[in-house]
Amino acid sequence: MSHRTEVAILPLLIALVIPLLFLPAYQPPASSAPRPFRYETDTFSFANETVWNYVNGSVQSESSRTRGQNRDYARRCFVVTRAAVQFWKFARFDPEAAPLVRDALAVRIRQVTGRSVWLPALPHDRRIVFPGYANLREISAADPSIFQANLGLGWPVYFRAGNMVIVAPVYRETEARLNGEIFHDLQKNEPTIVWLYNFPSLNINHVVVVFAGTQSHDKFHYQVYDPNYSGAPKNLEYDDATRTFSYQPTFYFKGGTVEARAIYRGVFQ
């Protein structure tokens, strides 16, 4: 490698490494949240679409895609999971009041998603009110397009400072610690937004919300909100013997071991 090339690459390496030095230490919840995150009420009625046409975890030709299936709302797994937790933390619903007109609804959606997801949950009387509906799933089913247009764009997530950790190795000790944090937080009714990937492999690069879990001997069984689905939760498991996470087979992933990192815990995460 020439000296000129080394000089050119050095700033890039520094830019990648510096955010890793400022990752916030895990802070356990000081108290329990008023209620847990619930799949039936705290998730969106629509799904994030994949850019590629997946079948059983493999990319297929476009000709094999089901007729009528579109992918108008894609590359939003970070956005949708983050927004679901933001609504759980910062919004409340009043089904007895009259619904908002569309423009006013868009403003309130942006008020929720404009708050950093790692901030503490708002008390009941300070939450942003959404009248006319009982919960997030119900209101997003009534008009999915207004939510899709106002939750946030997909492309900015490619430039998140927290993405830099993908170049850092994931040690088994790291996974064991994360599992302990996830399980502890669930006892406090706190969900965890988790990034699943196998870098440098591209067989999975996805974000889910872990919202429930049980322990059976050395296995931890978690239920997650997978934004690529809108019908039912998916399963993430942790094996304490091997200190590894594994994700179930889906239409976009063949299933198996994944690296896991908690994200959206702070500016650099």
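Right above here is the structure, for reference.
In what follows, the accompanying structure is described.

A separate point is the side chain of Thr43. By the element assignment, Thr43 lies in the loop between helix H2 (39-42) and strand S1 (54-55). Polar contacts involving the side chain of Thr43 include one to the side chain of Arg137, which spans 2.7 Å. Among all residues touching Thr43, those that are not within four sequence positions of it are Phe37, Arg38, Leu136, Arg137, Ser140 and Tyr225.

Take the nonpolar core next. Ranked by size, the top nonpolar core spans 43 residues in total, and within it Phe44, Phe87, Phe130, Phe147, Leu151 and Tyr225 carry the most contacts. Looking at this core, the elements with two or more residues in it are helix H3 (77-90), helix H4 (102-113), strand S4 (128-131), helix H5 (136-142), helix H6 (144-150), strand S5 (192-198) and strand S6 (201-216). By residue number, the principal contributor to this core is H3, which donates 10 residues. Not counting chain neighbours up to four residues away, the residues in contact with Phe44 comprise Val80, Ala83, Ala84, Phe87, Leu136, Arg137, Ser140, Phe147, Leu151, Tyr225 and Ser230. Listed in part, the 21 residues of the second largest apolar core include Leu178, Val194, Phe220 and Phe253.

Ordered by their spatial adjacency, 6 strands build a closed barrel running S5-S6-S7-S8-S9-S10, and the pairing between neighbours is antiparallel. Between one strand and the next, the sheet's axes are offset by a mean angle of 45 degrees, whatever the strand orientation. In the sheet, strand S9 (residues 244-247) pairs with strand S10 (residues 256-262) via 3 bridges, with the strands oriented antiparallel. Along S10, the bridge assignment pairs Ser246 with Thr257. Most of the contacts of H3 go to S6, to which it runs at about 25 degrees, and overall it touches S5, S6 and strand S7 (219-225). Sitting on the sheet, helix H7 (residues 172-187) touches S5, S6, S7, strand S8 (234-239), S9 and S10, and the angle it makes with S6 is about 45 degrees.

The next subject is H3. In an α-helix, one turn spans 3.6 residues; hence positions three or four apart end up facing the same way. In a regular helix each residue adds 1.5 Å, so 14 residues correspond to 20 Å; H3 covers 20 Å between its end C-alpha atoms and thus fits that length. For H3, the tally of buried residues reaches 14 of 14 residues, placing the bulk of the element in the interior.

Moving on: a nonpolar patch on the surface. Where nonpolar side chains cluster on the molecular surface, the patch consists of Leu153, Trp155, Tyr158 and Phe159 and spans about 550 Å² of accessible area. Note that Trp155 resides in the loop between H6 and H7. Note on Trp155: relative accessible area 54%, which makes it exposed.

The next thing to look at is the side chain of Glu190. One can find Glu190 in the loop between H7 and S5. For the buried Glu190, no salt bridge is present, and the opposite-charge side chain at shortest range is Lys89, 5.1 Å distant. Ignoring sequence-local partners within four residues, the contact set of Glu190 consists of Pro29, Ala33, Trp88 and Asp185.

With that out of the way, let us pick up the pattern of salt bridges. Taken as a whole and assessed by the stated rule, the structure comprises 4 salt bridges. Arg35 is the salt-bridge partner of Asp42, the closest N and O atoms lying 2.8 Å from each other. Glu259 is the salt-bridge partner of Arg172, the closest N and O atoms lying 3.1 Å from each other. Highlighted residues: Arg172 in helix H7 and Glu259 in strand S10, separated in sequence by 87 residues. Look at Arg172 and you get partly exposed, because its relative accessible area is 23%.

So, how was this worked out
Counting of residues starts from 1 at the beginning of each chain's written sequence and follows it residue by residue. Side-chain atom pairs in this predicted model are given and counted only at pLDDT of 80 or more, local residue features only at pLDDT of at least 70, and totals for whole chains, interfaces and linings cover all residues. Only heavy atoms go into the side-chain values, all of them from the structure, while hydrogens and water stay out. Every helix listed is a DSSP run of H or I at least four residues long, and every strand listed is a run of E at least two residues long, numbered separately from the N terminus. What qualifies as a polar contact is a pair of N or O atoms within 3.5 Å, subject to a donor-acceptor requirement within protein and to the restriction that residues adjacent in sequence count only when both atoms come from side chains. Contacts: residue pairs with any heavy atoms within 4.5 Å of one another. What is meant by a nonpolar core is a set of buried Ala, Val, Leu, Ile, Met, Phe, Trp, Tyr and Cys residues, joined one to another through side-chain atoms within 4.5 Å. When accessible area is computed with a 1.4 Å probe and restricted to protein chains, residues below 20% of their type maximum are described as buried, those above 50% as exposed, and intermediate ones as partly exposed. Pairs of strands are assigned from DSSP output, requiring at least two bridges between the strands. Axes, fitted as lines to C-alpha atoms, cover a helix only where it is in contact. Angles between the N-to-C directions of the axes lie from 0 to 180 degrees. A helix is expected to reach a length of 1.5 Å times the quantity of its residues less one. Patch criteria: residues need more than 30% relative accessible area and no salt bridge. Like-charged residues are merged within 9 Å; nonpolar side chains of Val, Leu, Ile, Met, Phe, Trp and Tyr are merged within 5 Å. Computed by Shrake-Rupley with a 1.4 Å probe, the accessible areas treat only the displayed protein chains as cover when residues are assessed. We define a salt bridge as a side-chain nitrogen of Lys or Arg found within 4 Å of a carboxyl oxygen belonging to Asp or Glu. His residues and chain termini do not enter the charge count, which takes Lys and Arg as positive and Asp and Glu as negative.

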